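Structural description and commentary
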Amino acid sequence: MLSAETIFWLFVVSFGASALGGVLGMASGIFIVPILMLFFGIDIHLAIGASIVSVIACSCGSAAPFLKARLTNIRLAVVLEVATTLGALTGVLLIGIIPTEFLYGLFALILVLSALQMLARRREAGSLAPAARSWGTLLRLHSSFPECAAGHDVHYHVSRVPLGLALMYGAGVVSALLGVGSGVLKIPAMDSALRLPIKVSTATSNFMIGVTATASAGAYFMRGNIDIDMAGPVALGSVLGAVLGARLLMGIPADRLRLFFVVVLMLLAIVMMLAAFGIRIM
């Protein structure tokens, strides 16, 4: 049994990670896993199991505000989730086969990718008309969302769907292995491959990550890598933090927070990479 103090701090950490991760368009797992390992001394597999629960909670908590704001492209999410879930199931088959040291190194790489994603200039939807026989047109994936600052709806087109599906499969594999929700990979994939506005990418990714995490949560539970006593406060903090993060994302720009998180992610990446080589500094 965990002490009351430990449960309280698990709740606080999960709340903060989910709120700030939501503002930046990423699931809380990217922060929760290294925090649980480095500051609570929790085994990486148990940390990933708790993170997967938090990812599901984050998706549920943030779905309603994004749907109400018409930012989530549900039809696109369903199409992409097929590839992401297949990737997650592939990742499940690799659990226990890949050495722990490699997971540390892979997690460090994901953290670096997250930092690069935040530093990159985000591009909004272009005005080019879609091709008549494109996948986006055939599947009726094009849509629009209300832009409060502009005072009108912004129409966008979904491009290069096959490339997006391939990237989503890879994101699903990473999600199952690391429990990070794969939003860090989905959002740049939607931005660069599908050419979606960043708010739509963020909302649609948040809608999808819960399904992706659910595909691998059962396997982690059967392996005994989900501690209910630990996952409970993590999930509760994640739900409340995700709701706050979703509201902040719609109301304030996230650019001012990017530099701070780039520094945090790079520091965590260094620590995790050192752990991959057997060097523990905490």
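Residues numbered from 1 in each chain as written. Predicted model: local features only at pLDDT ≥ 70, side-chain atom pairs only at ≥ 80, totals over all residues. Heavy atoms only, no water.

As for the overall build of the protein
The secondary structure content of the protein amounts to eleven helices and two strands. Sequence-ordered secondary structure for the protein, helices as α and strands as β, is α-α-α-α-α-α-β-β-α-α-α-α-α. With 282 residues in all, the protein has 52% of them scored as buried. Partitioning the intrachain contacts of the protein with sequence separation of at least 6 by distance along the chain shows that 82% fall at a separation of at least 24. When the accessible surface of the protein is totalled, it reaches about 12,600 Å², and 70% of it is carbon and sulfur. (Helix = DSSP H or I, 4+ residues; strand = E, 2+ residues; numbered from the N terminus. Buried < 20%, exposed > 50% of the residue type's maximum accessible area, 1.4 Å probe, protein only. Contact = heavy atoms within 4.5 Å. Areas by Shrake-Rupley, 256 points an atom, 1.4 Å probe, with all protein chains shown as cover.)

Describing the environment of serine 18
Structurally, serine 18 is set in helix H1 (residues 4–23). Put simply, serine 18 and serine 54 are 36 residues apart on the chain and 8.3 Å apart in space, counted from C-alpha to C-alpha. A polar contact of 2.9 Å, which involves the side chain of serine 18, links it to the backbone oxygen of serine 14. (Polar contact = N/O pair within 3.5 Å; in protein donor to acceptor, adjacent residues only side chain to side chain.)

What about the side chain of asparagine 206?
Relative to the elements of secondary structure, asparagine 206 occurs in helix H9 (residues 198–222). On the accessibility criterion, asparagine 206 (6% relative accessible area) is buried. With residues up to four places along the chain from it excluded, the contact list for asparagine 206 reads Ser59, Ser62 and Phe66.

Considering the packing of aromatic side chains
Per the stated rule, a full pass over the model turns up three aromatic pairs. Taking the centre distance of 5.3 Å and the plane angle of 70 degrees together, the rings of phenylalanine 8 and tryptophan 9 count as edge-to-face. You can call tryptophan 9 partly exposed: its relative accessible area is 43%. (Phe/Tyr/Trp six-rings, centres within 6.5 Å; stacked < 30°, edge-to-face > 60°.)

Here's the deal with the confidence of the model for the protein
Looking at the protein as a whole, the pLDDT averages 79, with 85% of positions reaching at least 70. In this model, residues 122–127 is a region of pLDDT below 50 whose contacts with residues beyond four sequence positions or in other chains number 15 contacts. (pLDDT = per-residue confidence, 0-100.)

Focus on the environment of leucine 119
Relative to the helices and strands, leucine 119 is located in helix H5 (residues 100–119). On the accessibility criterion, leucine 119 (55% relative accessible area) is exposed. Each C-alpha atom, one on leucine 119 and one on leucine 259, is 7.6 Å from the other, the two residues being 140 residues apart in sequence.

Considerations on the nonpolar core
Leu111, Leu177 and Leu178 are the most contacted members of the largest nonpolar core, which has 54 residues in total. Apart from the residues lying within four places of it in its own chain, the contact partners of leucine 177 are Ile48, Gly91, Leu94, Ile95, Ile98, Leu103, Leu106 and Tyr220. Membership of the second largest hydrophobic core comes to 22 residues, among which are Phe145, Tyr156, Val161 and Met168. (Core = buried A, V, L, I, M, F, W, Y, C linked by side-chain atoms within 4.5 Å.)

Some details on helix H4 (residues 74–94)
For H4, spanning 21 residues, the distance from its first C-alpha to its last is 30 Å, which sits close to the expected 30 Å at 1.5 Å a residue. Once H4 finishes, glycine 96 follows within two positions and takes phi at roughly 90 degrees, a positive value. (Expected span 1.5 Å × (residues − 1).)

Points about the packing of H1 against helix H10 (residues 228–251)
H10 packs onto H1 with a crossing angle of 30 degrees between their chain directions and a minimal axis gap of 6 Å. Comparing the axis directions of H1 and H10 gives the class roughly parallel. Here the hand of the crossing between H1 and H10 comes out right-handed. For the contact of H1 with H10, the per-class residue count stands at 15 nonpolar, seven polar and no charged. (Axes fitted to C-alpha atoms, helices over the stretch in contact; angles between N-to-C directions. Parallel < 35°, antiparallel > 145°, perpendicular 65-115°, else oblique. Left-handed = near helix turned anticlockwise from the far one by under 90°. Nonpolar A, V, L, I, M, F, W, Y, C, P; charged D, E, K, R; others polar.)

Quick notes on a nonpolar patch on the surface
Side chains of Phe15, Leu236, Leu240 and Leu244 sit close together on the surface and give an oily, nonpolar patch of about 330 Å² of accessible area. The greatest single-element share of the nonpolar patch, amounting to three residues, is contributed by H10. Inspection of the secondary structure assignment puts leucine 236 in helix H10. (Patch = residues over 30% accessible without salt bridge, like charges linked within 9 Å, V, L, I, M, F, W, Y side chains within 5 Å. Salt bridge = Lys/Arg side-chain N within 4 Å of Asp/Glu carboxyl O.)

Looking at the packing of helix H2 (residues 29–40) against helix H3 (residues 44–68)
The description of two packed helices rests on the angle between their axes and on the distance between the axes. Following both chains from N to C, one finds H2 and H3 inclined at 150 degrees, their axes separated by 9 Å at the closest point. H3 is crossed by H2, and the crossing has right-handed handedness. In this structure, H2 uses Gly29, Ile32, Val33, Leu36 and Met37 to contact H3, whose residues at the interface are Ile44, Ala47, Ile48, Ala50, Ser51, Ser54 and Val55. Among the residues making up the contact of H2 with H3, the classes are represented as nine nonpolar, three polar and no charged.

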